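# Per-entry structural report
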Amino acid sequence: MELTGAEIFVECLKAEGVETIFGYPGGAVLFLYDELAKAEKRGEIRHILARHEQGAVHAAEGYAKSTDKPGVAIVTSGPGATNAVTGIADAYMDSVPLVVFTGQVPRYLIGNDAFQEVDIVGITRPCVKHNFLVTDVKDIAETIKKAFYIATTGRPGPVLIDIPKDITDTDAKCEFHYPESLEMRSYNPILKSRDSDIQKAVDMILNAERPIIYTGGGVIMSGASDELRHFTQNLNFPITNTLMGLGAYPATDKQFVGMLGMHGTYEANMSMHHSDLIIAIGARFDDRVTGNIEKFCPDAKIIHVDIDPASISKNIKVDCSIVGDVKPVLLELSKELKQRGAMPDQTALAAWWKRITAWQKYDCLKYSPSKDKIKAQYIVQKFWEISAGDSYVCSDVGQHQMWAAQFYKFDKPNRWINSGGLGTMGFGLPAAMGVQLAHPDADVACITGDGSIQMCIQELGTCQQYNLPLNIISLNNGYLGMVRQWQEFFYQKNYAMSYNEALPDFVKLAEAYGHVGLRIEKAADVEGALKEALDDKKRLYFLDFITEAEENVYPMIPAGAGLNEMKLL
Amino acid sequence: MKKEEQMRHVISILMENEAGALSRVAGLFSARGYNIESLTVAPTEDASLSRMTLVTRGCEEIIEQILKQLNKLIDVVNVCDISESDHIEREMMFIKVAANDMDCCAAIKRMVDIFRARIIDVRNKTFTIEVAGNRRKLDAFVSAIEDHKIIEIVRSGCIGIARGSNALKAQ
Ligand SMILES: Cc1ncc(C[n+]2csc(CCOP(=O)(O)OP(=O)(O)O)c2C)c(N)n1
């Protein structure tokens, strides 16, 4: 049977098993929306109407990051497409599998500066894994197949498909056939690690005296937490996670030394710096992790496991590289270790643990307790306790993000959802919506700041429409806190434009959107408010915690310093 | 970066002959701050593939990253640094010079002969000369003819191919 482009679009989504699509309509996608609405009526696909295209894409990211499915979004041409760019760039930096559909003006108008025309394929080229402009109705199905394949395989990432309006209208029809499999001669994402690399890595592991395992988002994406736990516990090596990798290894386990990097723990950074072997797994030696590259881990040999060959030896030259998906690689490493039946020098390892324990004694995350003003750290700590460590936690960007990462101890993967690579303020609330939609019965929180929350505050409307009972935990310090902290440390306390003048009354704002708003100003009220919000599974709570205004995030590695040169409280 | 480490490399790229493929490569180089000395692109014996020759400079690590990043582009089918092994490079140049008097004409013709170039157009007291060869030969020709008034130079950029039976193919 011949179908229109719009009908084909819906059939393809169904074939890919898409249940939820996030979006915002407009002229160029009206035929697609016409069919989407019909599909929704038939109970096939649910469309979630965000209040801004950036929100739609972040929601799709939250959905993808908390599940093993890609996120899907649809926006109109021109401003719809440009509004989506921040979300797309965010997904690119954090390797989130997304398929984003943009409407385009009809083919005969492309290049004419037509109404709501932008070259979105050109605009997004540097921040997508791949993108397509479809120019024939006959190509829609295969392009969609390719997009899902590319987005979800290898190192995942966002793929954009730009569809001109005139190939979705009722005149252009073609036979529908969804390809079952794909051959792309230019894209071979399935890489099997080389046996010789595994051998070499195991040799290095067995010779280590001061080893550390350093893992990132790749472990979570690969679904390799169990394999990682087995590998790590078998060796009794210390392990640290990046900001993106939290939850891949249980944070409450005794071998976990905390997050590393700019606001990582003293013990994690010191262990890295003094190690003689780093086993990097699904992590990419980001500058926020390495500090000054010249001073990076002078004695360490490095094993690097990554699915993306381009990540290897990009920032830091490594001694042994294993290109492949983390999960099978970990299995092979464990298997080879078992076969050899050997273990690293246990006396040296015990001595190493002794040094690490001494660093841990410093208790680098300590903070002076809340007196008049509530300490943000205390709120996160209490939230972790009260939610039994089992909430999904999305965050925005700033001090609150670091406190969330430091004080919420993630024991499970896919629970911590934040914008690491791009550092996008405004990410938290829409991402939390995506998570809640994927996990309707779970507790989902958004830890945010008074600056960040205002960047996608309009999404409170979406939360109302779809009854999303999020717990918004606003750590309101009245400042763009992270900016203020840098200005305090490095700009002689010249707090240039970092004071949040004219904050709205967040309680009233939440109420205006039909939610519950609470302002909490006393430490004694923190627990009660958190409990109330967590107990109410039906309504969104906006908890506006008025916190210590000039609190700083410690420890901190200043720019240009090495991992052993942390600023401690 | 130290100067001596910045070796010249000739990279051959085989890619899907798709709209926008060229800008993906060009965009990659500008976004990551790699330099492009020259770049040529044209279809191959297989109409669905284009072949690009790109000349760049960089230290070993940078070249390794360039090759990896090129490989990562979805449209790229195969990549090879052909300057790593025995290869041939050629570049084509058109050079238009003023030929005002007989002496001048004779001198230019002499140079054309020496360099095995060809005069391909004579008009309004100008010669248009075609020269092919490697980059150094073309540079040498330009300096040899410098005494005359050079009106215009067009160079194609380098194309390259490996010697022997090695060929860049879809894997
Ligand atoms: C879209 C965007 N604009 C600017 C920044 C730079 N920036 C990083 S943190 C920060 C302050 C965030 O303030 P707030 O959300 O109140 O959080 P706090 O640091 O106070 O916890 C700013 C402006 C950014 N990360 N993202």
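Look up a bit, the structure's there.
Residues numbered from 1 in each chain as written. Chains lettered and ligands numbered in written order. Predicted model: local features only at pLDDT ≥ 70, side-chain atom pairs only at ≥ 80, totals over all residues. Heavy atoms only, no water.

## What to know about the overall build of chain B
Note the cut-off: Numbering goes from the N terminus for both helices and strands, where a helix is a DSSP run of H or I of at least four residues and a strand is a run of E of at least two. The contact definition used throughout considers only heavy atoms, calling two residues in contact when any of these lie within 4.5 Å. Throughout, the Shrake-Rupley method with a 1.4 Å probe supplies accessible areas, and for residues the shown protein chains are the sole cover considered.
The secondary structure content of chain B amounts to 4 helices and 9 strands. For chain B, the sequential pattern of α-helices and β-strands runs β-α-β-β-α-β-β-α-β-β-α-β-β. The principal-axis extents of the C-alpha atoms in chain B amount to approximately 55 × 40 × 35 Å. Within chain B, counting contacts between residues at least 6 apart in sequence, those at least 24 apart form 74% of the total. For chain B, the accessible surface area stands at approximately 9600 Å², while carbon and sulfur atoms represent 51% of it.

## Side note on the interface of chain B and chain A
Where interface size is quoted, it is often the accessible area lost as the parts come together. Test applied: The buried area of a pairing is the accessible area, by a 1.4 Å probe, that goes missing from both parts when the two are put together, added over both. Each salt bridge in this description consists of a side-chain nitrogen of Lys or Arg and a carboxyl oxygen of Asp or Glu lying within 4 Å of one another.
Each side of the interface is counted separately: chain B has 20 residues, and chain A has 18 residues. Together chain B and chain A conceal approximately 1600 Å² of surface at their shared face, both sides included; 46% is due to carbon and sulfur atoms. The largest share of the area that chain B buries against chain A comes from B:R24, B:K68 and B:I74, three residues that together contribute 41% of it. Counting every contact that joins chain B to chain A gives 3 salt bridges. The salt bridge involving A:R185 is made with B:E16; its shortest N-O contact spans 2.8 Å.

## Structural notes on the layout of surface pockets
Just so we agree on the cut-off: Using protein atoms alone on a 1 Å grid, points that fit a 1.4 Å probe yet trap it form a cavity, whereas open point sets bounded by protein on both sides within 12 Å along at least five of seven lines form a pocket; residues with an atom within 4 Å of a point count as lining. Grid points are joined across faces, edges and corners, and a volume is the space filled by probe spheres set on the points. Amino acid classes used here: Ala, Val, Leu, Ile, Met, Phe, Trp, Tyr, Cys and Pro are nonpolar; Asp, Glu, Lys and Arg are charged; the rest, including Gly, are polar.
Quantified by volume, the second largest pocket comes out at close to 670 Å³. Lining of the second largest pocket is provided by 31 residues; of these, A:N131, A:F132, A:L133, B:E18 and B:A19 occupy positions nearest its centre. Looking at the lining of the second largest pocket residue by residue, the class counts come to 11 nonpolar, 7 polar and 13 charged.

## A look at helix α9 (residues 225–235) of chain A
All names here are of chain A. Cut-off, in case you're wondering: Relative accessibility thresholds used throughout: buried, under 20% of the residue-type maximum; exposed, over 50%; partly exposed, between the two (1.4 Å probe, protein chains only). Comment: arc refers to directions from the helix axis out to C-beta atoms.
Inspection of α9 places S225, E227, L228, F231, T232 and L235 among the buried residues, and these make up the whole buried set. Projected down its long axis, α9 shows its buried positions confined to an angular sector of 160°, all on one face. Summarising the geometry of α9, the exposed residues directed more than 90 degrees from the buried face are D226 and H230. Within two residues after α9, N236 carries a phi angle of roughly 55°, on the positive side.

## Points about the sheet that holds strand β12 (residues 277–281) of chain A
All names here are of chain A. Selection criterion: Each pair of strands is called paired provided DSSP finds at least two bridges between the two strands. Each axis is a line fitted through C-alpha atoms, taken for helices only over the stretch in contact, and angles between the N-to-C directions span 0 to 180 degrees.
Taking strand neighbours across the sheet as the criterion, the 6 strands line up as β11-β10-β9-β12-β13-β14 in an open arrangement whose pairing is parallel. Edge positions in the sheet fall to β11 (256–259) and β14 (320–323), since each of these pairs with one other strand and no more. Averaged over all pairs of adjacent strands, the angle between strand axes in this sheet comes to 15°, irrespective of strand direction. Direction of pairing for β12 relative to strand β13 (residues 301–306): parallel, over a ladder of 5 bridges. Looking at β13, one finds that I281 is bridged to V305. Against the sheet, helix α13 (residues 346–361) makes contact with β9 (211–215) and β11, and its axis sits at roughly 45° relative to β11, the strand it touches most.

## Looking at the sheet that holds strand β19 (residues 516–520) of chain A
All names here are of chain A. Pairing within the open sheet is parallel, and its 6 strands lie in the order β16-β15-β17-β18-β20-β19. The open sheet terminates on both sides in strands that have one partner only, identified here as β16 (416–417) and β19. Bridging between strand β15 (residues 392–395) and β16 involves 2 bridges; their strand directions are parallel. Looking at β16, one finds that C394 is bridged to I417.

## Thoughts on the pairing of strand β18 (residues 471–476) of chain A
Residue and element names in this part refer to chain A. The condition is simple: Handedness rule for crossovers: strands pointing away from the viewer, path from the first strand over the helix to the second running clockwise, crossover right-handed.
Taken across its 6 residues, β18 has 6 buried, putting it largely inside the fold. The side-chain alternation of β18 yields two buried faces, one formed by N471, I473 and L475 and the other by I472, S474 and N476. Two elements, strand β17 (residues 444–449) and β18, share 5 bridges in a ladder whose sense is parallel. Paired with T448 across the bridge in β18 is S474. Taken together, β17, helix α17 (residues 460–465) and β18 constitute a β-α-β crossover, and its handedness is right-handed. Sheet analysis places β18 next to strand β20 (residues 541–546), joined by 6 bridges and oriented parallel.

## With respect to the site of the ligand
Residues and elements named next belong to chain A. For the record, the criterion: The nearness test applies per residue and asks whether one of its heavy atoms lies within 4 Å of the molecule or strand. Under the rule applied, a polar contact is a pair of N or O atoms within 3.5 Å (in protein, one hydrogen donor and one hydrogen acceptor; residues adjacent in sequence only if both atoms are side-chain atoms).
Close contacts around the ligand come from 17 residues, with Q399, H400, G451, S452 and G481 the closest. A distance of 2.8 Å is found between an oxygen atom of the ligand and a side-chain nitrogen or oxygen belonging to H400. Within the backbone of M425, a nitrogen or oxygen atom sits 3.4 Å from a nitrogen atom of the ligand. Contact with the protein chains removes 76% of the 590 Å² of surface that the ligand exposes when unbound. Going through the elements one at a time, α15 (399–407) and α18 (481–490) are the ones with two or more residues in the shell around the ligand. The leading source of residues in the shell around the ligand is α18, at 3 residues. Within the shell around the ligand, the residues separate by chemical class into 7 nonpolar, 9 polar and 1 charged.

## Quick notes on empty space enclosed by the protein
In this approach a probe as big as a water molecule rolls over the atoms, and the regions it shows empty are the leftover space. Residues and elements named next belong to chain A. In this structure the tally under the stated criterion is 1 cavity of 30 Å³ or more. Quantified by volume, the largest cavity comes out at close to 50 Å³. Around the largest cavity sit L365, K366, Y367, Q377, W403, Q406, F407, E551, N552, Y554 and L569, which together line it. Across the lining of the largest cavity, the residue classes break down as 6 nonpolar, 3 polar and 2 charged.

## Describing unusual backbone geometry
Residue and element names in this part refer to chain A. The residue after Y554, namely P555, is reached through a cis peptide bond having omega -10°. Along the chain, the position of P555 falls in the segment after β20. The phi dihedral of Q492 falls on the positive side, at around 50°, and the residue is not glycine. Structurally, Q492 is set in the loop between α18 and α19 (506–512).

## What about the nonpolar core?
Residue and element names in this part refer to chain A. Inclusion rule: In these notes, a set of buried Ala, Val, Leu, Ile, Met, Phe, Trp, Tyr and Cys residues joined through side-chain atoms within 4.5 Å is what counts as a nonpolar core.
Counting residues in each nonpolar core, the largest one holds 98 residues, and the members touching the most others are F231, I278 and I281. In terms of residue count, helix α7 (residues 195–206) provides more of this core than any other element does, 6 residues in total. Counting residues in each nonpolar core, the second largest holds 48 residues, with F22, V96, V121 and M433 among its members.

## Observations concerning the packing of helix α1 (residues 5–15) of chain A against helix α2 (residues 30–41) of chain A
Residues and elements named next belong to chain A. Short version of the rule: Just so you know how the angles are binned, under 35 degrees is roughly parallel, over 145 roughly antiparallel, 65 to 115 roughly perpendicular, and the rest oblique. Helix crossings fall into two classes, left-handed where the near helix is turned counterclockwise from the far one by less than a right angle and right-handed where it is turned clockwise.
Look at α1 against α2: their axes get within 8 Å of each other, and the N-to-C directions meet at 50°. Compared by their axis directions, α1 and α2 come out oblique. Crossing of α1 against α2: the hand is right-handed. When α1 is examined against α2, the residues A6, E7, F9, V10 and L13 are found in contact with a partner set consisting of F31, L32, E35, L36 and A39.

## Regarding the pattern of salt bridges
Following the criterion strictly, the structure yields 45 salt bridges over all chains and no others. Among the charged side chains, a salt-bridge network with shared partners connects A:E11, A:K14, A:R42 and A:E44.

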